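What follows is each chain in one-letter form.
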Amino acid sequence: MIGIDSMTEQQIEQDFITKLGELKYSFRKDIRDRASLENNFREKFNALNRVRLTDAEFTRLRDEIITADVFQAAKTLREYGYIEREDGTPLDYMLVNLKDWCKNEFEVIHQLRINTDNSHHRYDVILLINGLPLVQIELKSLGINPRRAMEQIIEYRNDSGTGYANTLLCFMQLFIVSNRDDTWYFTNNHNQHFAFNAEERFLPIYQWADKDNRKVCHLDDFAEKFLAKCTLGQMISRYMVLVVSEQKLLIMRPYQIYAVQAIVDCIHQNRGNGYIWHTTGSGKTLTSFKASTLLKDNLDIEKCLFVVDRKDLDRQTRIEFNRFQEGCVEENTNTETLVRRLLSEDYAHKVIVTTIQKLGLALDETGNKAQQYKEKGKPTFKERLAPLRDQRIIIIFDECHRSQFGENHKAIKEFFPKAQLFGFTGTPIFEQNASYTQVDGELASHKTTEEIFEKRLHAYTITHAIDDRNVLRFHIDYFKPEAASPAGDKAKANTTSLTRPETQRLVVDTILKKHDAATDHRRFNALLATASINDAINYYELFKQAQAERREEDPDFIPLHIACVFSPPAEGNKDVKQLQEDLPQEKDDNQQEPERKKAALQQIIADYNTQYGTNHKLGEFDLYYQDVQLRIKDQKYPNSDFLRKNKIDLTIVVDMLLTGFDAQYLNTLYVDKNLKHHGLIQALSRTNRMLNDTKPYGNILDFRAQKGAVDEAIALFSGEDVTRSREIWLVDPAPKVIDKLDSAVKRLEAFMQAQGQPCTPAAVNDLKGDVARAEFINCFKEVQRLKTQLDQYTDLSDAQKQQIEQYLPAEQLRGFKGMYLETAQRLKAQQGKSGIEASEAKDAIEQLDFEFVLFSSAMIDYDYIMGLVSRFTQQLPGKQSMSRDQIINLLATNSNLMAEREEITAYIKTLEEGQGRSVEAIRDGYQSFKAHKAEGELAALAQRHGLERDALQGLVVGILDRMIFDGEQLNDLFAPLELGWKDRSKAELALMEELVPLLKKQAGGREISGLAAYE
């Protein structure tokens, strides 16, 4: 990372600079240090703003704009600034040409050195726009692991000596990493948006692609397509989004950009209507937001309406739009508010988010509201909107395969003859799926998407998204329940002999049996899709009954937290009526025995209130529905932050939540209803949001064995690449993954033999050198990745489970996991070191990606361990009881407890069996033990460095209280020693080398500001 170590990298760099020269970048070989960088920026600033700043004025400007806050720097770059000059005159300025980014000066520099107090770092290639360093390119000769490349850059950026916090480098917007053949990019951001540990989330690092989603990997091709001056200017100014609520920078993905460009071009050329086919989970809201906001500045457009078809999507879309741009859109509480905003000339009301129902009511002359206005001699909504009839209106429909095919769509089209209509859909309507069974055999039909919207403007199908790892593949287990038989898990017999209640009870028993495996021990949650409201009610009661029986049989059984949500009988409630327009089964079901269904839902809500301490009522159903959605999403929080008792494990639904609902921690769908075409794909897609390697795929357990319907839907929605669609969409069957596991274990065995060692966990300690240890990390990580995938397969037979155990016995697996984490921590500490501190295997270690998340456990957390320790001291019987050694071994195999493993292990060793301590006593005892141990370590540290114990203790307490480290405090600490400045500097560094690890451990993963300078 620091400088050029080989001719290969040097040649890549030189060729790249030549390429940028062909793209009309100015090569500034004279800019090699901080002073020349600042002088160049000063010249560009003066020219752009037509001023000549004095030295004092420039110093003041520089100091005002430089900030350690990545998000604030990004805002400053994009805004007009103001300073008062020495003579008192005001100066409104721009840092870059905001009106026309193409007219900025584009320059390239290389091997820049930022000489700060702490280091002399060097950068490969940096692109300057108007003198500001906005894009950094890191060039490598080795193969690129994108995640590790990102981690290296972030580690490097966080080093206080690099200048990202206190020089013009704070304006860096994009990082690009390439080995010439493979090129990736990502946005700069605050540290909290990057996690490379057991809490890792999906990391946004991308490759560029053309309009047909063919990857642009080679550095020269990437430069031509992405780094052309005007293109790069647009990327930064137009296609990056600053999310204020999260203090986060986003960059749109290639397919999102092409969709926006297609809509804007279609409007600019007035070429009629069109639709965007972007698969579910691909970020359609961001695409539509950017399209809408770009149209705000088009003077030919009177209004831009973003139309959704459900109240909950209206709310969700407004939240998302305002997340991308604060105050972007307001709620239209009723039709009157919508009409007023449509007629308003206020710039803030140029983009409006509304439901199609509100828009339809505004144009309905036959409704009650219109008749009341006519009787009073008042103009109707439609009459008031007449001035807009001949204006250019842009209407963007979200999920255009649903309500837009009805009467409301027709009325909108007739009233706004000059409107251009655009639709977003993840599952278009084709001829093949235009007809469908709506409810109980009644046939209905859609118009095709092209009949409504004329032409497809851009496509990014689920096949593209899975190929790009933007969404997950599916594991589908086709399971037909049957009465107990020697056939094993998979029933082959005809199930006509079973009654419906018997079938449902077998479904419940199967879910209870398989749920922990499917959801990785409840790390994730699930939906059960049922065929009717009556079925949903029956399933809810059956789960209560089955779980009560299991609890009686097994005191250690932990019941699933089960919620159930379906719409109540509307009974004139407008919100419910609107909701049911997209819930055909529920709307029809509520026509029969409405009182029974209402009573059942009241009881379900009462149970929910008891479980979660809420106070929901049937009359405010929408609040209950919102709460259920939020709890499903809140699965993302660890149990230590959001207690398990507050979470939902399984939600029983009919139509709700099967479209338009996104939750990363929802990974499983149980299906007991007939699904087809777009309805099937929409339902399956609830499970396939990316997270990390603990979620390898979306899990589907289909109790109606609908393989034919799945194959048909895959063929229909694959886009162009139909031949490979099943291979792309569906994970490998269990036998194939088991074979891969066997091969991975054999590679591990061959590696250990080549090192002259047996293939046992203990032998890992005897590996010679860091090169061998690095190779062990790579070998065993692949074993663990495949084992994680197989652990969530719900269709493993007993024979297959035995086969897996034979290849890798559970005891041996645990041992290897412990050795992996121990070795990984040792090598992780070596990463980033140079000079005499560096390992002989520096290159191999720098390339390592430890993926600690693969070794984390949702079940084995702090509370679980404290419970096990309590049972150990009480010598209680049962599955949950373990010996002291078993608990210690368990701790050693899970990465989410790495930081506290040493302390917990030491504490457990002080306890005796039979002491009979409660969980609360164990927790309190551990906290006291940890505090006493920390005090002892600090006292020993103070003695080693000749410092006052109380003074050092006070310093540490102050740092942890404020989570801020101020190096000036060391002056007071060392003052009694009366050292010269050189000796004091050495003493401070020696102390901090030992103090930093202690501070980080006591901070418990939280970041201490200012500490990075000493790491």
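Worth saying up front: this structure is predicted, and the values here are computed from it rather than measured.

Student: When you look at the overall build of the protein in this model, what are you seeing that I'm missing?
Tutor: What the protein contains, in helices and strands, is 38 helices and 26 strands. In the protein, buried positions account for 55% of the 1015 residues. Restricting to contacts in the protein with at least 6 residues of sequence separation, those with at least 24 account for 72%. Here the protein displays about 43800 Å² of accessible surface, and carbon together with sulfur accounts for 47% of that area.

Student: Got a minute to help me understand the environment of Lys-828 in this structure?
Tutor: Within the secondary structure, Lys-828 is located in helix 30 (residues 810-828). Residue Lys-828 is classed as partly exposed on the basis of its relative accessible area, which comes to 25%. With 18 residues separating them in the primary sequence, Lys-828 and Glu-846 have C-alpha atoms 8.9 Å apart. Beyond its immediate sequence surroundings of up to four residues, Lys-828 is in contact with Glu-151, Glu-155 and Phe-850.

Student: It is not clear to me how the sheet that holds strand 13 (residues 274-278) should be interpreted in this structure. Could you clarify?
Tutor: Backbone-to-backbone hydrogen bonds join strands into a sheet, with any given pair of strands oriented parallel or antiparallel. Strand order in the open sheet formed by 6 strands is 15-14-16-17-13-20, and the pairing between neighbours is parallel. The open sheet has two edge strands with one neighbour each: strand 15 (351-355) and strand 20 (456-460). Each strand of the sheet is rotated relative to its neighbour by a mean of 15°, with strand direction disregarded. Pairing between strand 16 (residues 393-397) and strand 17 (residues 420-425): 4 bridges, direction parallel. Within the sheet, the bridge partner assigned to Ile-396 lies in strand 17 and is Phe-422.

Student: Please clarify how the packing of aromatic side chains should be interpreted in this entry.
Tutor: For any two aromatic rings, the description comes down to two numbers: the centre-to-centre distance and the angle of the planes. All told, the structure shown has 33 aromatic pairs when counted by the stated rule. Taking 5.4 Å as the distance between ring centres and 75° as the angle between the ring planes, the aromatic pair formed by Trp-208 and Phe-226 counts as edge-to-face. Of this pair, Trp-208 sits in strand 9 (residues 208-209) while Phe-226 sits in helix 6 (residues 219-226); the two residues are 18 residues apart in sequence, bridging distant segments of the chain. Comparing Trp-208 with Phe-226 shows no difference in burial state: the two are buried.

Student: Can you walk me through the pattern of salt bridges in this structure?
Tutor: Where charged atoms from two side chains of opposite charge come close, those side chains can pair. Overall, the coordinates contain 51 salt bridges when judged by the stated rule. One salt bridge in this structure joins Lys-598 and Glu-571, with 3.1 Å as the shortest N-O distance. Pair noted here: Lys-598 is in helix 22 (residues 594-612) and Glu-571 is in the loop between strand 23 (562-565) and helix 20 (574-580), with a separation of 27 residues, a long-range link. Relative accessible area serves as the criterion here: at 17%, Lys-598 is assigned to the buried category. Owing to a relative accessible area of 54%, Glu-571 belongs among the exposed residues under this scheme. Of the charged contacts, one joins Arg-785 and Glu-782 as a salt bridge, the two residues approaching to 3.3 Å between their closest N and O atoms. Note that Arg-785 and Glu-782 are positioned in helix 28 (residues 770-791) at a spacing of 3 residues, about one turn of the helix. Salt bridges linked by common partners bring Asp-693, Lys-781, Glu-782, Arg-785 and Glu-851 together as one network.

Student: Please clarify how the environment of Gln-812 should be interpreted in this entry.
Tutor: Position of Gln-812 relative to the elements: it lies in helix 30. Separated by 52 residues in sequence, Gln-812 and Thr-760 place their C-alpha atoms 7.2 Å apart. With residues near it in sequence (within four places) discarded, Gln-812 still touches Cys-759, Thr-760 and Pro-761. One polar contact links the side chain of Gln-812 to the main-chain carbonyl oxygen of Cys-759, over a distance of 2.9 Å.

Student: How do you make sense of the confidence of the model for the protein when you look at a structure like this?
Tutor: Close inspection of predicted coordinates is inappropriate for parts of the model with low pLDDT. In the predicted model, the protein carries a mean pLDDT of 85, and 88% of its residues have values of at least 70. Here strand 18 (residues 435-439) is the element of the protein with the lowest mean pLDDT, 49, and strand 24 (residues 650-653) is the one with the highest, 98. Per-residue pLDDT stays below 50 along residues 1-7; that stretch engages in 20 contacts with residues further than four places along the chain or on separate chains. In this model residues 484-495 is a low-confidence stretch, pLDDT under 50, and it forms 17 contacts with partners more than four residues away in sequence or in other chains.

Student: What is the right way to read the side chain of Thr-510 from this model?
Tutor: In this structure, Thr-510 sits in helix 18 (residues 500-518). Residue Thr-510 is classed as buried on the basis of its relative accessible area, which comes to 9%. Excluding anything up to four places from it in sequence, Thr-510 contacts Phe-479, Leu-701 and Phe-703.

Student: What am I meant to see in the sheet that holds strand 26 (residues 698-702) here?
Tutor: Across the sheet, 6 strands lie side by side as 21-26-25-22-24-23; this open sheet has parallel pairing. The sheet is open, and its two borders are formed by strand 21 (474-478) and strand 23, each paired with just one other strand. Looking at each pair of strands side by side, their axes are set apart by 20° on average, direction ignored. With 4 bridges connecting them, strand 25 (residues 666-672) and strand 26 associate as parallel partners.

Student: Hey, could you run me through unusual backbone geometry in this one?
Tutor: Located in the positive-phi region is Arg-469, a residue other than glycine, with phi close to 60°. By secondary structure assignment, the location of Arg-469 is in the loop between helix 17 (462-467) and strand 21. Positive phi values are uncommon outside glycine, yet Asp-520 reaches one of about 55°. Exposure remark for Asp-520: the relative accessible area of 17% places this residue in the buried category.

Student: For this particular structure, what's the right way to read helix 9 (residues 284-295)?
Tutor: Residues separated by three or four positions in an α-helix point in the same direction, a consequence of the helix having 3.6 residues per turn. If you check helix 9, its first and last C-alpha atoms are 17 Å apart, about what 12 residues at 1.5 Å a residue would give, namely 16 Å. With 10 of 12 residues buried, helix 9 is to be regarded as a mostly interior element. The set of residues buried in helix 9 consists of Lys-284, Leu-286, Thr-287, Ser-288, Phe-289, Lys-290, Ala-291, Ser-292, Thr-293 and Leu-295.

Student: Before we go on, may I ask you to explain the packing of helix 18 against helix 19 (residues 533-553) in this structure?
Tutor: For any two helices packed against each other, the geometry comes down to the angle between their axes and how far apart the axes lie. For the pair helix 18 and helix 19, interaxial distance at closest approach is 10 Å and the crossing angle is 55°. Judged by the inter-axis angle, helix 18 sits oblique to helix 19. Two packed elements cross with a definite hand, and for helix 18 against helix 19 that hand is right-handed. Along its contact with helix 18, which presents Arg-500, Gln-504, Arg-505, Val-507, Val-508, Asp-509, Ile-511, Leu-512 and Lys-513, the element helix 19 presents Asp-535, Asn-538, Tyr-539, Leu-542, Phe-543, Gln-545, Ala-546, Gln-547, Glu-549 and Arg-550. Partitioned by chemical class, the residues of the contact of helix 18 with helix 19 number 8 nonpolar, 4 polar and 7 charged.

Student: Before we go on, may I ask you to explain a positive patch on the surface in this structure?
Tutor: Taken together, the side chains of Lys-369, Lys-376, Lys-378, Lys-574, Lys-577 and Lys-587 present a region of like positive charge at the surface. On the basis of relative accessibility, which here comes to 45%, the residue Lys-378 falls in the partly exposed class.

Student: How should the packing of helix 24 (residues 677-684) against helix 25 (residues 707-717) be read in this particular structure?
Tutor: Close contact between helix 24 and helix 25 brings their axes to 9 Å; oriented N to C, the two are set at 95°. Relative to helix 25, the element helix 24 is oriented roughly perpendicular. Between helix 24, through His-677, His-678, Leu-680 and Ile-681, and helix 25, the contact on the second element is made entirely by Ala-709, Val-710, Glu-712, Ala-713, Leu-716 and Phe-717. Taken together, the residues that form the contact of helix 24 with helix 25 break down as 7 nonpolar, 2 polar and 1 charged.

Rules used in this analysis
- Residues numbered from 1 in each chain as written.
- Predicted model: local features only at pLDDT ≥ 70, side-chain atom pairs only at ≥ 80, totals over all residues.
- Heavy atoms only, no water.
- Helix = DSSP H or I, 4+ residues; strand = E, 2+ residues; numbered from the N terminus.
- Buried < 20%, exposed > 50% of the residue type's maximum accessible area, 1.4 Å probe, protein only.
- Contact = heavy atoms within 4.5 Å.
- Areas by Shrake-Rupley, 256 points an atom, 1.4 Å probe, with all protein chains shown as cover.
- Pairing = 2+ DSSP bridges.
- Axes fitted to C-alpha atoms, helices over the stretch in contact; angles between N-to-C directions.
- Phe/Tyr/Trp six-rings, centres within 6.5 Å; stacked < 30°, edge-to-face > 60°.
- Salt bridge = Lys/Arg side-chain N within 4 Å of Asp/Glu carboxyl O.
- Polar contact = N/O pair within 3.5 Å; in protein donor to acceptor, adjacent residues only side chain to side chain.
- pLDDT = per-residue confidence, 0-100.
- Expected span 1.5 Å × (residues − 1).
- Parallel < 35°, antiparallel > 145°, perpendicular 65-115°, else oblique.
- Left-handed = near helix turned anticlockwise from the far one by under 90°.
- Nonpolar A, V, L, I, M, F, W, Y, C, P; charged D, E, K, R; others polar.
- Patch = residues over 30% accessible without salt bridge, like charges linked within 9 Å, V, L, I, M, F, W, Y side chains within 5 Å.
- Lys, Arg positive; Asp, Glu negative; His and termini not counted.
- Charge placed at Lys NZ, Arg CZ, Asp CG, Glu CD.

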